[in-house]
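Remarks on the overall topology
The lines below spell out each chain.
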There are 2 protein chains.
Amino acid sequence: MIVPALNPRVLEIPGSLIREIAGKKRPSSLDLGLGEPTLMPTSTHLQAAMRDVEADGLRYTPNAGDPELRRAIATHYAYPGMAGEDAVCVTTGSQEAMYVAIKTLLDPARDELLVVEPAFPSYAKMARLEGVLVRGVAMDERDDFAFDPERILSAIGPRTKAVVICSPCNPTARVLSQDAADALVVALQRRGGDPVWLIHDEIYREQTYVDDAASLARLYPYTLVTNSVSKSNALTGLRLGWLLAPAPVTKAAIKAHAWITSCADTFAQRVALSIFRTPGALQEHASWYAAARTDVVDALDKSGLRFIAPEGSFYACVRLPAGVASLPAAHALAADEDVIAVPGIAFGPSFEGWLRLSWVGPMPRVIEGIERIAKWCRAAG
Amino acid sequence: MIVPALNPRVLEIPGSLIREIAGKKRPSSLDLGLGEPTLMPTSTHLQAAMRDVEADGLRYTPNAGDPELRRAIATHYAYPGMAGEDAVCVTTGSQEAMYVAIKTLLDPARDELLVVEPAFPSYAKMARLEGVLVRGVAMDERDDFAFDPERILSAIGPRTKAVVICSPCNPTARVLSQDAADALVVALQRRGGDPVWLIHDEIYREQTYVDDAASLARLYPYTLVTNSVSKSNALTGLRLGWLLAPAPVTKAAIKAHAWITSCADTFAQRVALSIFRTPGALQEHASWYAAARTDVVDALDKSGLRFIAPEGSFYACVRLPAGVASLPAAHALAADEDVIAVPGIAFGPSFEGWLRLSWVGPMPRVIEGIERIAKWCRAAG
């Protein structure tokens, strides 16, 4: 078999460091690498969907999604200019929502995507897959990677069409504050020329532990929002997400989506409809995360590690000793301490020297993992 | 709101003629436009999946899919060189499988896709979305659009990297015969230079009514196969498909798939696993289609219309009177006869003058629809 020449854009995408480390997991490992909830989903939503498909079968929905679900999503968030169903495209998880957003909004011949870093690697990989120029703008380590409007604004160049911001942030667990968002948006609105768009990845929205979290779509009309029920409702495997955007953008995004996946799974859409129809269901796991966060911060306080107190998401990040690189550290922790943690370098060069810990597992094991990392760092430091 | 300049590749994709006509449907309409089964899915597969997710939750699977499902698919088809799980990428329907196949295999800077026409419009639209050059090669109307290896071979040019063949065919309901496939493959193997790949869309495989249907993957090592449980098991809304390809191609395709949708829905994968674990389940609706086909051919025989006897799929195509264009005819049939049929022009210029009828609805209504079309044609001819 001759191995063929394939699309170089696909071949050149580097492998995932997160999966490289996840591959070191043993049955005994303390796993702080997980990027998904360990809670069980609420059965009533699954059962409601099952009743629907037993009665009606599993037919295609329109490409953009079940109109009732689109309306429910638009109404729930009620973002200015996006409160109608024509603002919503239901997708295969927020991953496809982000992919379609980048593919629709950016012209590979002309436009550049700016990614606020540290960042989940998917944004840059999606852009590269499309042949879209992509650049990162790093937040300041000395400020625990707080979202800094000045840094973002000064990184915007003549080709920058859109800026991706994940808040609450994977990996830093920082949240974009109202003040920072106001400063960013006011400056963007004062610029001349074509608007610079903001793509707000809100997937950790229901895991927010501060009161002044900003919703960019409430402040700035050139905002796209991606989200899903994956993290809020422990439904990562359901692959049900959505893109919220001004109607003309959504209309084009639906065209791209239609030829990529046709439509989202009808069963999954019925699950989501049950969630949106049930008051408070998007927040049904929120108190669990808030309680777990308190325990994690206590454990980190006691550990002696430098850490970033989580403002949102289900991650916490810790600083390795000066001069210790994160990828070999993560391998050593897996081999020597049986702890899985994600190396900061996976999220961009600005996060070198850090580890991302997730705290979704059983709390005694999370705490034991933190203690082992602290011990390892004391020996290495 | 300034409507932004978006990616021209997305904006330039034309709207769907199939949906334009579907939009004319009234509650009373005789709908011969449908592209999906009207049978109900077998409940046991859904219930098996429900038990699994109630017990285990809905977690991500690996990007490529549940290893057990990948093995089950590879083992079931047992295509030469593709009998291991590393040949399978589980996708969001066969739509994503085709999208990922085109994206992975073809370099937009260099390669051309050749589509055997008449063809479902998605292949060309996917290629255009990727900036990949695409050309159609029309089969011969005088031969009822039988797959003609000579026509396909003579259309292959220096840039042709892959040829898409849908057999059983949507729309023509023709099936690629063993003899035609042998002639095609022998000639491709005699060519020098880089291999020309075949992408076989097998989605109507379980609706085959002839004995000599060819499976290209059994004959030619440079074959990719896309398929799903959508048509075989009345599960269009489940969005569960797969790409089968030689392992090096699959490995690259999984990378693209990982950044587009992450992984397929875990519930849907459990449904598919139940189907592959149940002997004969992929064929559980086959006898219904075979019986319905007999009734449809009888009705078409009596109608006086020129038609192509279906060798596969759940379509039948009829010729409009000479000089009658298919799009206005379809609109007139919807308005005057309350019959929904898809205009041939939707499947390429070679199918102008034809209508595609689907016969998945209640048979008396299908027959009534055929009679009304025949009456309309007699008046128009």
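Residues numbered from 1 in each chain as written. Chains lettered and ligands numbered in written order. Predicted model: local features only at pLDDT ≥ 70, side-chain atom pairs only at ≥ 80, totals over all residues.

**Details of the interface of chain A and chain B**
The partner chain B presents 63 residues to the 63 residues of chain A that form the contact. Those elements that provide at least two residues to the side of chain A that touches chain B are α1 (8-11), α3 (43-56), α5 (93-105), α6 (122-129), α10 (247-260) and α11 (266-277) of chain A. (Contact = placed C-beta atoms within 7 Å. Helix = DSSP H or I, 4+ residues; strand = E, 2+ residues; numbered from the N terminus.)

**A word on unusual backbone geometry**
Residue and element names in this part refer to chain B. Following E117, the chain continues to P118 via a peptide bond in cis, the omega torsion being 0°. Position of P118 among the secondary structure elements: in the loop between β3 (112-117) and α6 (122-129). Note that the residue after S167, namely P168, is joined by a cis bond; omega there is -5°. Tracing the backbone through its elements, the reader meets P168 in the loop between β5 (160-166) and α8 (178-190).

**Quick word on the packing of helix α3 (residues 43-56) of chain B against helix α11 (residues 266-277) of chain B**
All names here are of chain B. Viewed as axis vectors pointing N to C, α3 and α11 meet at an angle of 130°, and their least axial separation amounts to 8 Å. When the axes of α3 and α11 are compared, the pair comes out oblique. In this structure, α3 crosses over α11, and the sense of that crossing is right-handed. Touching T44, H45, L46, A48, A49, D52 and V53 of α3 are T266, F267, R270, V271, S274 and I275, all from α11. Partitioning the contact of α3 with α11 into residue classes produces seven nonpolar, four polar and two charged. (Axes fitted to C-alpha atoms, helices over the stretch in contact; angles between N-to-C directions. Parallel < 35°, antiparallel > 145°, perpendicular 65-115°, else oblique. Left-handed = near helix turned anticlockwise from the far one by under 90°. Nonpolar A, V, L, I, M, F, W, Y, C, P; charged D, E, K, R; others polar.)

**Concerning the relation of the copies chain A and chain B**
Taken as rigid bodies, chain A and chain B are interconverted by a rotation of 180° and an axial shift of 0.0 Å, the fit giving an RMSD of 0.0 Å. What the superposition gives is, in effect, a two-fold axis relating one chain to the other. (Least-squares fit on C-alpha atoms with pLDDT ≥ 70 in both.)

**Quick word on α5(A)**
The terminal C-alpha atoms of α5(A), which comprises 13 residues, lie 19 Å apart, in line with the 18 Å expected from a rise of 1.5 Å per residue. Of all 13 residues that make up α5(A), 13 are buried, and the element is covered over most of its length. (Expected span 1.5 Å × (residues − 1). Buried ≥ 20, exposed ≤ 12 C-beta atoms within 10 Å, placed from the backbone.)

**Examining the confidence of the model for chain A**
Put simply, chain A has an average pLDDT of 96, and 99% of its residues get 70 or more. The complex model carries a pTM of 0.97, and its ipTM stands at 0.96. (pLDDT = per-residue confidence, 0-100.)

**Thoughts on the domain arrangement of chain A**
Residues and elements named next belong to chain A. As assigned here, chain A comprises domain 1 (8-39 + 284-380) and domain 2 (43-281). Taken together, the contact between domain 1 and domain 2 spans 29 residues of the former and 36 residues of the latter. Taken together, the elements giving at least two residues each to the side of domain 1 that touches domain 2 come down to α1, α12 (286-303) and β10 (315-319). At four residues, α12 tops the list of elements feeding residues into the side of domain 1 that touches domain 2. Partitioned by chemical class, the residues of the side of domain 1 that touches domain 2 number 16 nonpolar, six polar and seven charged. (Domains from an automatic or database assignment.)

**Quick notes on α3(B)**
Spanning 14 residues, α3(B) covers 20 Å between terminal C-alpha atoms, matching the ideal 20 Å at 1.5 Å per step. Of all the residues in α3(B), the buried ones are B:H45, B:L46, B:A49, B:M50 and B:V53. Angular distribution of buried residues about the axis of α3(B) spans 135°; they occupy a single face of the element. Among the exposed residues of α3(B), those pointing more than 90 degrees away from its buried face are B:S43, B:R51 and B:A55. Turning to α3(B), the residues buried within the fold contact α3 of chain A together with α11 of chain B. (Arc of directions from axis to C-beta.)

**Observations regarding the sheet that holds strand β7 (residues 223-228) of chain B**
All names here are of chain B. Across the sheet, seven strands lie side by side as β2-β8-β7-β6-β5-β3-β4; this open sheet has mixed pairing. The sheet is open, and its two edges are formed by β2 (88-92) and β4 (133-138), each paired on a single side. Within this sheet the neighbouring strands show an average axis-to-axis angle of 20°, counted without direction. Taken together, the four bridges between β7 and strand β8 (residues 240-244) define a ladder with antiparallel strand orientation. Residue T226 lies in a different strand from β8, and its bridge partner there is L243. (Pairing = 2+ DSSP bridges.)

**Regarding the pairing of β2(B)**
Residue and element names in this part refer to chain B. Counting buried residues along β2, five of its five residues qualify, which places the element largely inside the surrounding structure. Relative to β8, β2 runs antiparallel, the two being bridged by five bridges. Looking at β8, one finds that V88 is bridged to L244.

**Structural notes on the environment of B:A124**
Residue and element names in this part refer to chain B. By secondary structure assignment, the location of A124 is in helix α6. Sequence separation of A124 and P80 is 44 residues, and the distance between their C-alpha atoms is 28 Å. With residues near it in sequence (within four places) discarded, A124 still touches V115 and V134.

**Details of the environment of B:A332**
All names here are of chain B. Tracing the backbone shows A332 in helix α13 (residues 326-337). Residue class for A332 comes out partly exposed when judged on the 14 C-beta atoms lying within 10 Å of it. As for A332 and M139, which are separated by 193 residues in sequence, their C-alpha atoms are 27 Å apart.

**Topic: the sheet that holds strand β4 (residues 133-138) of chain A**
All names here are of chain A. Strand order in this open sheet of seven strands is β2-β8-β7-β6-β5-β3-β4, and the pairing throughout is mixed. Two strands bound the open sheet, and with one partner strand each, they are β2 (88-92) and β4. If you compare each strand with its neighbour and ignore which way they point, the axes differ by 20° on average.

**Quick notes on the pairing of strand β13 (residues 354-358) of chain A**
Residue and element names in this part refer to chain A. The buried count for β13 comes to five of five residues, which makes it a mostly enclosed element. The side-chain alternation of β13 yields two buried faces, one formed by W354, R356 and S358 and the other by L355 and L357. Of the strand pairs in this sheet, β10 and β13 are connected by five bridges, and their pairing is antiparallel. The partner of V318 across the bridge, within β13, is L355. Taken together, the two bridges between strand β12 (residues 342-343) and β13 define a ladder with antiparallel strand orientation. Paired with V342 across the strands is R356, a residue of β13.

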